[in-house]
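# Observations on the model geometry
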Amino acid sequence: MKGNGFRSRFKAGVALAAAWLACASGPSHGAQIEVDPASPKDFPTILISGVFEDGDDKKFTALALDMDKAVVLFESPGGDLLAGLNIGRAIRLKEFLTAVDTGKECASACGLAWLGGIKRYAHPDASIGFHAAYIENNGQATETGSGNALVGAYLNQLSLPQSAIVYLTSAPPHGMQWLPLNEARNYGIDLEIIDAQEPVADNATGTASGDEINAALAGNTVKGSMKDSGGYEEFYDADGSVKGEDYSGKWRIDGDSMCVQYDEGSETCWQVKLDGGKVTWVNEGEEDGTGTILEGNPKGF
C-alpha cells in the first residue's frame, strides 16, 4: 500500500395501557430476547422473536445495557405498542443496527422497533409492515389518536420526514402497509438490502481494534491495490518492519490504527476493516484501498 499520498467516514407521558398494533392470533407469552451465542462477542447479534408484551422493553434494555455495539435481528408479528417504541428508542440510543432476515416478518410494533436502527438492513424477501395504532374495545379495533400521536412523536425523534410518518400510519387497524424495500427511500426511509451475510457496522464502528489488526497482519503478507498508487504486495514482520519487493519501512499499531512509514517518507495511519481474509484500508473516513491476507511471507521479502 505504499504510495505518494492517500485521501483523507430514545413511557412517553401518555397513558395507553391498551394500545396495540396488530399481532398474530393465539396465546402470547412475550417476545424471546436473547444473544445469539454464535455471534462475535465484540459485535453480538440480539435475537428478538415472538409477540411483544408489556415489559419486553425492560428485558431488552437489561440485556443490551453493557453492549457497545450490536445488530438486532427481528422476527415478530408485533404486539404491545409501548414495548415496540421503547425498544426502538433504546436501539437508537445505543446506536445499534437492525435487520430482518431472509423470509422473516417484522410487522406493526416490530416494524417500529426496527426503524430505531442507526442503520437498517433487510433481506430482499423479508416482510416489514406498518399500520395505525388502535385499541381493542369489546372485540372491535378502533384507531386511537393518542396512540398515533405517540407513534408520530417517535418517528419524529428518529428524524423521519413527514412523508414517512404519513406512509407508516396510513393503513387501517386490521390492514397492513408492507414496505416495498426497493422503494423505501422514496418515502424517506433509509435501509440497505442485503443478500446472504449478516450486516456489519461500517465507518469507524466497523473497523478493527489495534489488537485485531496486529493478530491478523503481524507475520503475514497483504496483496492488493490502493486508489492512489495501484498494486502492492508487502510483508508485515512481527518485528515492526515492512518489506516489499524493492522497498522497506516500518509499521506499528497506534490505538486502533495501523501506521506505516516507508523509507524516509512521512508516516501515514489507517483504520482497518477485516472481513475474513480481506482487508480494507480507511483514511479519514474514506476507503483508500483493499487487499487479501496471505499467510507468512510467500515471496520471501
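Below, the structure is looked at part by part.

### Some thoughts on unusual backbone geometry
The phi dihedral of Glu 95 falls on the positive side, at around 60 degrees, and the residue is not glycine. When you line up the elements, Glu 95 lands in the loop between helix 2 (81–94) and strand 5 (97–100). Overall, Glu 95 belongs to the exposed group, its relative accessible area being 53%. One non-glycine residue, Glu 284, lies in the positive phi region at around 50 degrees.

### Things to note about helix 2
For helix 2, built from 14 residues, the straight-helix expectation of 20 Å at 1.5 Å per residue is met to within 8% by its first-to-last C-alpha distance of 20 Å. Taken across its 14 residues, helix 2 has 12 buried, putting it largely inside the fold. Those residues of helix 2 that fall on the buried side of the exposure criterion are Leu 81, Leu 82, Ala 83, Gly 84, Leu 85, Asn 86, Ile 87, Gly 88, Arg 89, Ala 90, Ile 91 and Arg 92. At the N-terminal end of helix 2, a side-chain oxygen is found 3.3 Å from the backbone nitrogen of Leu 82, two or three residues along, and the residue is Asp 80.

### Quick look at the pairing of strand 4 (residues 71–75)
Counted residue by residue, strand 4 has four buried out of five residues, so it is predominantly covered. As judged from the five bridges shared by strand 3 (residues 45–49) and strand 4, these two strands associate in the parallel manner. Bridge assignment links Ser 49 to a residue of strand 4, and that residue is Glu 75. In this region the chain leaves strand 3, passes through helix 1 (residues 56–64) and returns to the parallel neighbour strand 4; the handedness of that crossover is right-handed. By the bridge criterion, four bridges tie strand 4 to strand 5 in an arrangement that is parallel. Across the sheet, residue Val 72 finds its bridge partner in strand 5, namely Thr 98. Traced from strand 4 through helix 2 to strand 5, the parallel crossover comes out right-handed.

### Regarding the packing of aromatic side chains
Applying the stated rule across the entire model yields five aromatic pairs. Aromatic pair Trp 270 and Trp 281: ring centres 6.1 Å apart, planes at 65 degrees, arrangement edge-to-face. Of this pair, Trp 270 sits in strand 18 (residues 268–275) while Trp 281 sits in strand 19 (residues 278–283), placing them 11 residues apart in sequence. Grouping residues by exposure puts Trp 270 and Trp 281 together as buried. Linked through ring pairs, Tyr 236, Trp 251, Trp 270 and Trp 281 together constitute an aromatic cluster. Here Lys 69 stacks its cationic end above the ring of Phe 43, 5.9 Å away from the centre of that ring.

Thresholds, definitions, all that
Residues numbered from 1 in each chain as written. Predicted model: local features only at pLDDT ≥ 70, side-chain atom pairs only at ≥ 80, totals over all residues. Heavy atoms only, no water. Helix = DSSP H or I, 4+ residues; strand = E, 2+ residues; numbered from the N terminus. Buried < 20%, exposed > 50% of the residue type's maximum accessible area, 1.4 Å probe, protein only. Expected span 1.5 Å × (residues − 1). Polar contact = N/O pair within 3.5 Å; in protein donor to acceptor, adjacent residues only side chain to side chain. Pairing = 2+ DSSP bridges. Right-handed = clockwise from strand over helix to strand, strands pointing away. Phe/Tyr/Trp six-rings, centres within 6.5 Å; stacked < 30°, edge-to-face > 60°. Lys NZ or Arg CZ within 6 Å of the ring centre and 35° of its normal.

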